[in-house]
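Summary of structural features
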There are 2 protein chains.
Amino acid sequence: MSGDTSPFALDLAELHGSLGDPLMEVMNFLNEVTSRHPGAISFGPGRPHEGQFEVERIGAYLDAYTRYLTEEAGHTPDEVRTLLFQYGRTNGQIHELVARTLRNDEDIRADPESVVVTVGCQEGMFITLRALFAEPTDVLLVPSPCYIGITGAARLLDIETVPVPEGEDGVDPVALRETVAALRAAGKRPRALYAIPDFANPTGTRMSVPARRRLLEFADEADLLLLEDNPYSFFTRADARVPTLKALDTRRRVVYLGSFAKTCFPGARVGYVVADQEVRLPGGERTLLADQLSKVKSMVTVNTSALSQAAIGGMLLTHGCRLREVNKAAADHYGQNLSVLLDSFERLLPPSRREAAGISWNVPEGGFFLTLTLPVPADNELLETSARDHGVIWTPMTYFYPDGGGLHQMRLSLSYLTPGEVAEGAERLTELLQRSCL
Amino acid sequence: MSGDTSPFALDLAELHGSLGDPLMEVMNFLNEVTSRHPGAISFGPGRPHEGQFEVERIGAYLDAYTRYLTEEAGHTPDEVRTLLFQYGRTNGQIHELVARTLRNDEDIRADPESVVVTVGCQEGMFITLRALFAEPTDVLLVPSPCYIGITGAARLLDIETVPVPEGEDGVDPVALRETVAALRAAGKRPRALYAIPDFANPTGTRMSVPARRRLLEFADEADLLLLEDNPYSFFTRADARVPTLKALDTRRRVVYLGSFAKTCFPGARVGYVVADQEVRLPGGERTLLADQLSKVKSMVTVNTSALSQAAIGGMLLTHGCRLREVNKAAADHYGQNLSVLLDSFERLLPPSRREAAGISWNVPEGGFFLTLTLPVPADNELLETSARDHGVIWTPMTYFYPDGGGLHQMRLSLSYLTPGEVAEGAERLTELLQRSCL
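The model shown is predicted, which means the values in this text are computed figures rather than measured ones. (Residues numbered from 1 in each chain as written. Chains lettered and ligands numbered in written order. Predicted model: local features only at pLDDT ≥ 70, side-chain atom pairs only at ≥ 80, totals over all residues.)

Helix and strand counts for chain A come out as 16 helices and 17 strands. For chain A, the C-alpha radius of gyration of 23 Å lies close to 22 Å, the compact-globule estimate for 438 residues. The dimensions of chain A, computed from C-alpha atoms along their principal axes, are 70 × 65 × 55 Å. Long-range contacts, defined here as pairs at least 24 residues apart, represent 74% of the contacts in chain A between residues at least 6 apart. (Helix = DSSP H or I, 4+ residues; strand = E, 2+ residues; numbered from the N terminus. Rg over C-alpha atoms; globule rule 2.2 N^0.38 Å. Contact = placed C-beta atoms within 7 Å.)

Dropping the structure here:
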């Protein structure tokens, strides 16, 4: 050795371009503000409520799954040991339980072979993008504003994303049609559209059934796939169910991205993809898109943690493969928070007062998020003032706009607070507005 | 809707190029042969022995970790619940325990902040490649033959891999120097070399200490990073320890890829990366490469399963953050298998007999793998004959050559068999050789 022990260093500029992209940094400022103001009420995180979590239950879930493997699936003790400890099937071992649950809760009929169990929904999005996007001319359409998990995954894979404005009924159908036409005219291939039809992150909007049907029709007409991400559909205030895109999908245009992060718990990191599309092989044979995703997954994470699958599998079994009912308490919690926030705003900012000032908000029927619109920029500077002087934190909506926009909006997340904190947070937000724009 | 309910279909040719790459298919034939001949003795899988796995221990490991969180780390019960159930730190929660274990077992001094806990070593390889490879001209050097987990990950990211022949002391230093020079002359940037210095997969070779030092020196001279993958170093026949590249690395040229799949158990899917390289930011500040990997990981899997981390963390704590000792029984098992195989071959194929026929094998000091060289092609056809007529399965070495080669070699994996099966397998292999080339 040369004896030189000074470490060499890398330059950020020579690492992958995604690492210097502001997109990958957007949450840092929020986290940093939060850590500097630990006493502030935070409408920031989209984390689920922890009221239903009990450490003691983990063992019970694992036991329930082990019993199922032995008694229902007929495995010997040695086979059970192998299933829990060894490398496993790339697409997972709880795919049948997931398919049963989807049928019970969402009326989605999925062949278990089309279900890929993933390391959270994030890995599901990532491997789906990797499999579907082949050429530099392939484009992913995203709503604007958009969840950054999908735009971030696309950025890692150097996939071009093109925003389509979202209205109160999902992506604007006229803008979508125009964008697709313009991309094709430019020699590009719009490959898929990402959507959260139920209580979108960040806006909280939900698509109507006619809008869903129109979107499916357009996907067929334009040869688009729809990547439906559905973490929030259980969490409605009124119990007004709307069918998912996948449940309405007769031609397999929808790749369904599922998550147990909000309906079971995030720490397991278990999600799934329903990829029932047929793929024609050169010899004429056909496989499922799920089989192709398996090849990708084998080179990203090999397979999903058997322990995590056992915990989620046990939880599904414990509740008869029906999660909607057991999530009623969580749904009520989120619904109460939403009602408290809307009632507080209505009281603190009655129409006369807010309309004159140019303040408004949407009224989501469920989910974790609400959008508040101001007459002044809801930027990092206002966030800093808000946290420091008023003890309340929120997310600037600009963070979610791939191409700019949302400058006067904030995302308010309700999921991680108590109703009391929501009420107090609404007071503090009103004080902030008082100072800045009332 | 149009009423047309016939499913549309995708073409493999329009999916990402990796999916049509033979590399992604190589293990399929092996798996398929194995499933058609369930009674065959298989020298195929590189799975760890299951002798030490006990389902009952999972609960004990989780308890040990929970106790540690409360008693040693000082967390409240609510915080413990959050750590186990909620989203968590992207780079993991057992990074300090991993750092302690590395120090105890491998004399690697790693700042816990430089440790990224990953979904198995595979995710570690994947996110490291993604962060380090920026331009189409960036090239990954790989030994030939090479573990397909790294070439597969590179393929998913469209990263060019260039093979460098491996000799009995790791990659050939002359060929490495020439390859780097040729790539630079062609306007490319050799960015990193992947290596398994201890009992490589697939060959079983181990690099000597002088070869390690030479490689580190060359990495410095040629501005290369070394991606050191170390799943097997505990599993030596004689207890002759050799320092890892990372332990010898004074200038932070080595990104260390760690796995608990063989030293704890694969089902947890927990691995890690030690990425202690400094990264200069445009403003002059410095971060660790680990901080950059965190951004990538957040868009691939968000964080590693808390349950899996708890199980592995509990296992580390149970054994005082020393895994080498507790793996002695497994090491003995693998060592015994290796000795049985070598002794059987020596007896069945004495020098006079094998030399005349052109049969040879290497004599690894440890690990899971051995290379058997034949005078005839060890191809899929011979494998089929071997499985059907002789009841023994192995892996054609060609599977591991990125650019062709290894046609007359087979990889024999010893890890998943009993000594009795190894002895019987050696007999069956000799029968196959008898028929085909003796």
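Moving on: the nonpolar core. Membership of the largest hydrophobic core comes to 252 residues, with the highest contact counts inside it found for A:Leu226 and B:Leu226. The contact partners of A:Leu226, leaving out residues within four places of it in the chain, are A:Ala192, A:Leu193, A:Ala195, A:Leu215, A:Ala219, A:Leu245, A:Arg253 and A:Val254. (Core = buried A, V, L, I, M, F, W, Y, C linked by C-beta atoms within 7 Å. Buried ≥ 20, exposed ≤ 12 C-beta atoms within 10 Å, placed from the backbone.)

Least-squares fitting of chain B to chain A yields an RMSD of 0.0 Å, with the transformation described by 0.0 Å of translation along the axis and a rotation of 180°. Interpreted geometrically, this transformation is the action of a two-fold axis. Comparing interface residues between copies, 100% of those in chain B also lie at the interface in chain A; the contact surface is shared. (Least-squares fit on C-alpha atoms with pLDDT ≥ 70 in both.)

Attention shifts here to helix H8 (residues 209-221) of chain A. Residues and elements named next belong to chain A. Compared with an ideal rise of 1.5 Å per residue, which puts 13 residues at 18 Å, H8 spans 18 Å between its outermost C-alpha atoms and is within 8% of the ideal. Every buried residue belonging to H8 is among Arg212, Leu215, Leu216 and Ala219, and all of these are buried. One side of H8 holds all its buried residues, which, seen down the axis, span an arc of 100°. Turned more than 90 degrees away from the buried face of H8 sit Pro210 and Glu221, all of them exposed. Where H8 is buried, its residues contact strand S6 (170-171), strand S8 (225-229) and helix H9 (245-248). (Expected span 1.5 Å × (residues − 1). Arc of directions from axis to C-beta.)

Right, let's talk about the environment of A:Ala310 for a bit. Its location among the elements puts A:Ala310 in helix H11 (residues 306-318). Its 30 C-beta neighbours within 10 Å are what place A:Ala310 among the buried residues.

With 80 residues of chain B in contact, the opposing surface of chain A contributes 80 residues. For the side of chain B that touches chain A, the element with the highest residue contribution is helix H5 (residues 120-132) of chain B, accounting for 7 residues. Considering only residue class, the side of chain B that touches chain A consists of 40 nonpolar, 22 polar and 18 charged. In this structure, strand S1 (residues 9-11) of chain A lies alongside strand S11 (residues 278-280) of chain B, joined through 3 bridges in parallel fashion. By the bridge assignment for S11(B), A:Leu10 is matched with B:Val279. (Nonpolar A, V, L, I, M, F, W, Y, C, P; charged D, E, K, R; others polar. Pairing = 2+ DSSP bridges.)

Another aspect to go through is the domain arrangement of chain A. The figure often quoted for interface size is the accessible area lost as the parts come together. Residues and elements named next belong to chain A. Annotation of chain A at the domain level lists domain 1 (59-324) and domain 2 (327-437). Computed from C-alpha atoms alone, the centre-to-centre distance between domain 1 and domain 2 is 30 Å. Counting residues at the interface gives 26 residues for domain 1, matched by 24 residues for domain 2. Looking at the side of domain 1 that touches domain 2, the elements that each hand over two or more residues are strand S4 (138-144), helix H6 (148-156), strand S5 (160-167) and helix H12 (323-326). The class makeup of the residues in the side of domain 1 that touches domain 2 is 13 nonpolar, 9 polar and 4 charged. (Domains from an automatic or database assignment.)

The subject of this paragraph is the sheet that holds strand S7 (residues 189-195) of chain A. Residues and elements named next belong to chain A. Reading across from one edge, S3-S10-S9-S8-S7-S4-S5-S6 is the order of the 8 strands in this open sheet, with mixed pairing throughout. Edge positions in the sheet fall to strand S3 (115-118) and S6, since each of these pairs with one other strand and no more. Its contacts with the sheet put helix H10 (residues 289-298) on S3 and strand S10 (271-274), and the angle it makes with S3 is roughly 25°. (Axes fitted to C-alpha atoms, helices over the stretch in contact; angles between N-to-C directions.)

Turning our attention to the pairing of strand S3 (residues 115-118) of chain B. Side-chain positions along a regular strand alternate between the two faces of the sheet. Residues and elements named next belong to chain B. Of the two faces of S3, the one lined by Val115 and Val117 and the one lined by Val116 and Thr118 are each fully buried. Both S3 and strand S10 (residues 271-274) contribute to a ladder of 4 bridges, which runs antiparallel. Looking across to S10, one finds that Val117 is bridged to Tyr272.

This part is about helix H4 (residues 95-106) of chain A. Residues and elements named next belong to chain A. An ideal rise of 1.5 Å per residue puts 16 Å on 12 residues; H4 measures up with 16 Å between its terminal C-alpha atoms. Within H4, the full set of buried residues consists of His95, Leu97, Val98, Ala99, Thr101, Leu102 and Glu106. The inward-facing, buried residues of H4 abut S3, H9, S10, H11 and H12. Of the residues flanking the end of H4, it is Asp107, one or two places downstream, whose phi is positive at about 55°.

Bringing the sheet that holds strand S12 (residues 286-288) of chain A into the picture now. The pairing of strands in a sheet comes from backbone hydrogen bonds and takes either a parallel or an antiparallel form. Ordered by their spatial adjacency, 3 strands build an open sheet running S12(A)-S11(A)-S1(B), and the pairing between neighbours is mixed. Of all strands in the sheet, those with a lone pairing partner are S12 of chain A together with strand S1 (9-11) of chain B, marking the two edges. Between one strand axis and the next, the sheet turns by 35° as a mean value, whatever way the strands run. Each of strand S11 (278-280) and S12 of chain A together with S1 of chain B touches H10(A); the most contacted strand, S12(A), lies at about 65° to it.

With that settled, consider unusual backbone geometry. Residues and elements named next belong to chain A. Following Ser144, the chain continues to Pro145 via a peptide bond in cis, the omega torsion being 10°. In this structure, Pro145 sits in the loop between S4 and H6. Cis geometry is found at the peptide bond from Asn201 to Pro202, where omega equals 15°. Within the secondary structure, Pro202 sits in the loop between S7 and H8. Notably, Phe199 is not glycine yet its phi reads approximately 60°, a positive angle. Counting through the fold element by element, Phe199 comes out in the loop between S7 and H8.

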